[in-house]
Amino acid sequence: MIIHGVIKIIRSDSCYGVASTYFWPPMFFRVVTFFLALLPFTAFAQSGVLSGMVRDVEGHPAVGVFITQKDNVNNGTQTNENGKFTLTIPAGKAVVIIFKGIGADPIEKTFTLFDGEKRNVDLVYENVAETGTIEITENRESGFRTIDTKLPTKLPTINPGIEAYLLSMPVNIASELSSSYSVRGGSFDENLIYVNGIQVYRPFLVRAGEQEGLSFPNPDMVSNIKFSAGGFAAKYGDKMSSVLDIQYARPDTTEGSFTAGLLGGSLQLGGRSQSKKFTHNTGVRYKNNAYVFNSLDVQGDYKPRYVDVQTFLTWTPKKYGPLEFSFLGNYQNNRYNFIPSTRTTDVGSINEALRLTVYFEGQEITRFETAFAAFSAKYNPSPTSQLVFTASAFNTYETERFDIQGAYSLDELERDLGSDEFGEVLKNRGVGGFLDHARNELNATVFNFTHRGFVENEPHHHVISWGLDATSESIQDELKEWSLIDSAGYASPRPADSLGYTNPALQPNQVIFLHDKINAYNEVQSQRITAYFQDEKRWDLKNGAKASVNVGVRGNYWSYNQQLVGGPRVNFSYTPQWIAKRKNDDGTVDSLRKDVILTASWGYYWQPPFYREMRGFDGVVNPEIRAQKSIHYILGASYVFRAWGRPFNMNAEVYYKQLEDLIPYEVENVRLRYFAKNNSRGYATGADVMLNGEFIKGVQSWLRASVLQTEEDLNDDSYYYYLNSEGDTIYGGFTINNVAVDSILQVPGYIPRPNDQRFSFSMLFQDQMKKKPWYKVLLSFYFATGVPYGPPSHERYLDVNRTRSYLRTDIGFSRDLILPKNKGKNWFNSTFKQGYVALEVFNLLGTNNIINHQWIEDVNGRQYGIPTYLTGRRLNLRFSLSF
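A brief look at the structure comes next. Note that the coordinates shown come from a computational prediction; the quantities given were computed from them, not determined experimentally. (Residues numbered from 1 in each chain as written. Predicted model: local features only at pLDDT ≥ 70, side-chain atom pairs only at ≥ 80, totals over all residues. Heavy atoms only, no water.)

Digging into the side chain of Gln-628
- Structurally, the position occupied by Gln-628 is in strand 30 (residues 628-643).
- On the basis of relative accessible area, Gln-628 is assigned to the buried category, the value being 3%.
- Engagement of the side chain of Gln-628 in a polar contact is seen with the backbone nitrogen of Ile-663, the distance being 3.0 Å.
- Among residues more than four places away in sequence, those in contact with Gln-628 are Met-240, Tyr-605, Trp-606, Gln-607, Glu-613, Glu-660, Asp-661, Leu-662, Ile-663 and Asn-678. (Helix = DSSP H or I, 4+ residues; strand = E, 2+ residues; numbered from the N terminus. Buried < 20%, exposed > 50% of the residue type's maximum accessible area, 1.4 Å probe, protein only. Polar contact = N/O pair within 3.5 Å; in protein donor to acceptor, adjacent residues only side chain to side chain. Contact = heavy atoms within 4.5 Å.)

What follows is the structure, encoded as structure tokens:
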């Protein structure tokens, strides 16, 4: 992160108790936050210990700042995830210490310590808007946003994970039960998620948020979170929409946390060995959402159980040496058992009010079991270079079995407000039944070997990065599922020729039609090779302005279709030297530099298909499938300003994405069903504005507003309107004369993509009592206009209806249990460093949000889309302690 301003070092001298203040010139002001392995140091016969914390003006820690002794580069350390450092230096003489990060100018300071003296130094960076990150710092210019790592554990949400906090970013959601999200009109499959630089996956067969369970990232273990909504550099992988980059913490002391509530709990333990060579960070999570599921329309016996265990280990053979080994392991077991009983849903308006009543028999049993392991070796040949080698393996075994029979009645309700029977059943529109059957099983294994590296030319602010990935995929998928819909009260056979059967052994009226019948077995073995190279350079211009450019190229080869794709990516930023005049009360005028950064991004973002994009509605894999392509054009601005005497940060971006070779898909709940062919082109355009700061003094809040339009044009979706002898268009179930005498060709052209939400607004607002700040409230608010939907005919041009807008409000009231004034008074306050108890209200406004539609038909063939509502209002009690 490149920051300009004044550095103020506050020295607290333990011997004399005197605080001294030093001011460095603005030209040295940089927030430097990079992840480098610690260099070896030597113990001295006469020495002192220099320790302290590097932070910004808001008190946030600066992570990964490299600190060395100028005349002995082998004596060095770096700030940890809390911004703290400890360095032993020679005593009895002046020692020059260098604070340095990749891509930033060094900061030098001289210290003179007595033998055995321990001195604390706080390095305060003024005018800082954000803290930095681990690894090479991604500047504000790069389009990444840094997320408060502690906030996701405090959000009042059904899914207590990192994804819930993304509402402060340009992200849209469709269900509070799912961790999936959409970025600028793309699907969840278009998003990259990294943990410690390794791409992670989620289960393939998930079709509803109730089944999904826990997402991979564990918020209790995290030290740093970054997010980009597009225009990211070549070092990031082959997806078309976004990057979520997460780093797990390396604890420097024994620590832990425990959280429990009505929906489950979590436990995290971390620590560092006495030799400082070994660190461990382990988390266990358990979730059971049965309490929330009981607020759904479908009543029954819900038995979900979601378990996740993760560990992150690091080992440095030589203390503070240039070589480090690490291991990241994860095991998840998500189980969902459900025995439905009844469903009652009212839908419609004053013009037409309907009630669907369904009685069920049967059950659903779903299992998702995943395992992941990654070994990494990191070597720092010098303070300005790094080599990383990683080998990882991922396996998922998923089974989906259900037989659910339903008998339904569709009734019309009394709409006369003056009637004593208002809202009661007036007449029956039809009765029928359905039977859903599935025996699906998937086993997928992914092996990956990755190399990453960079080298910096310090004097010229020049960083060169490169990477190479080799991936092997093995997928076995067996699909056996079908649905039977009976709108007449009994299964009515149809003529074989009307259903496309040509077997002469079949006689008329001997075939029962099954909806979405799939009987397939697929086995896919393939390899992928990806590589990138990028060059980043910064300039300090003569007029005081600054500029940087990141130019990279990325390529991808997939053996399955033997397709090689790739292209350039460019990120440019400019920090102007704009000066504003401010008149003071005494009549004097101050000149202030405006903290503004202007950005531009352009690039090719290819997305070779993974297994789900390859598989069509019939379950068959298309061997001719090709990579999708998105070309990003993004302009942005970041502005840090002060209001009410407090800092605020505003970010705005406008974008246009040119989409080619798209694979169309439909959304059923959270399940994506692809057409498995590249028969579409499209675009996405819009703007995002994000604002965060202390609306209430002492606590941060976030606001975000977005406008979006995304459409696509399928090249094979033309169809005919059929006209009867009266010249009327024939509609099944509506028109009486259904004999066609003429037809008209229709070409739909551009239609909305499934995640076309034209406007969305989100807010995370915090407050606390002025005189009792340990009482807090956190409000999460999200609004988004409806998304397109249509009948289950797999004809995309019919998906032009809109669901109602999604509105969700969750609120949490909490009280801190560990107060600064009570610190050390008793065992409880001495043992734990933080703790709180919270009362949460989910869906505070009781909004009936829609996730899907269940389609039924009457005896005339008329179809009705009955909405499936999400969760209702629920209370939750949560308790948390950390040490």
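Comments concerning the packing of aromatic side chains
- Summed over the entire model, instances satisfying the criterion amount to 35 aromatic pairs.
- Residues Phe-293 and Tyr-336 carry aromatic rings whose centres are separated by 6.2 Å and whose planes lie at 85° to one another, so their mutual orientation is edge-to-face. With Phe-293 in helix 3 (residues 290-293) and Tyr-336 in strand 19 (residues 323-348), the pair connects residues that are 43 residues apart, well separated along the chain.
- Among the residues examined, Phe-293 registers a relative accessible area of 0% and is labelled buried.
- When the ring of Phe-617 is compared with that of Phe-675, the centres are 4.8 Å apart and the planes differ by 90°; the resulting orientation is edge-to-face. Residue Phe-617 is found in the loop between helix 4 (611-614) and strand 30, and its partner Phe-675 is found in the loop between strand 33 (671-674) and strand 34 (680-696); the two are separated by 58 residues along the sequence. Side by side, Phe-617 and Phe-675 carry an identical accessibility label, which is buried.
- An aromatic cluster is built from Phe-144, Tyr-194, Phe-232, Tyr-236 and Tyr-605, whose rings are joined through pairwise contacts. (Phe/Tyr/Trp six-rings, centres within 6.5 Å; stacked < 30°, edge-to-face > 60°.)

Some remarks on the environment of Thr-357
- Counting through the fold element by element, Thr-357 comes out in strand 20 (residues 353-382).
- The class of Thr-357 is buried, set by a relative accessible area of 15%.
- Along the sequence, Thr-357 and Arg-343 sit 14 residues apart, while their C-alpha atoms lie 5.7 Å from each other.
- Not counting residues up to four positions away in its chain, the partners in contact with Thr-357 are Arg-343, Thr-344, Ala-407, Tyr-408 and Ser-409.

Quick look at unusual backbone geometry
- Phi at Arg-184 takes a positive value of approximately 50°, unusual for a residue other than glycine.
- Assignment of secondary structure puts Arg-184 in the loop between helix 1 (162-165) and strand 11 (191-195).
- Phi at Gln-562 takes a positive value of approximately 55°, unusual for a residue other than glycine.
- As for its placement among the helices and strands, Gln-562 is situated in the loop between strand 25 (546-558) and strand 26 (563-575).

Observations regarding the environment of Asn-224
- Relative to the elements of secondary structure, Asn-224 occurs in strand 13 (residues 222-228).
- Overall, Asn-224 belongs to the buried group, its relative accessible area being 5%.
- Considered as a pair, Asn-224 and Gln-247 are 23 residues apart in the sequence and their alpha carbons are 5.1 Å apart.

Side note on the sheet that holds strand 11
- Read from one edge of the open sheet, five strands run 10-13-14-11-12, paired in mixed fashion. Each edge of the sheet is formed by a strand with only one pairing partner; in this case those strands are strand 10 (145-147) and strand 12 (198-199).
- Looking at chain direction, strand 13 and strand 14 (residues 242-248) are connected through six bridges and run antiparallel. The residue bridging Lys-226 from the neighbouring strand is Asp-245, located in strand 14. (Pairing = 2+ DSSP bridges.)

Observations concerning the nonpolar core
- With 87 residues, the main nonpolar core has Leu-166, Tyr-181, Phe-227, Leu-244, Ile-246, Tyr-248 and Tyr-302 as its most contacted residues.
- When residues of this core are assigned to their parent elements, the largest contribution, seven residues, is made by strand 20.
- Residues contacting Ile-246, with those up to four places away along its chain left out, are Ile-162, Tyr-194, Val-195, Asn-196, Pro-217, Val-222, Asn-224 and Ile-225.
- Core analysis: the second largest hydrophobic core is formed by 15 residues, Leu-50, Val-54, Ile-67 and Ile-107 among them. (Core = buried A, V, L, I, M, F, W, Y, C linked by side-chain atoms within 4.5 Å.)

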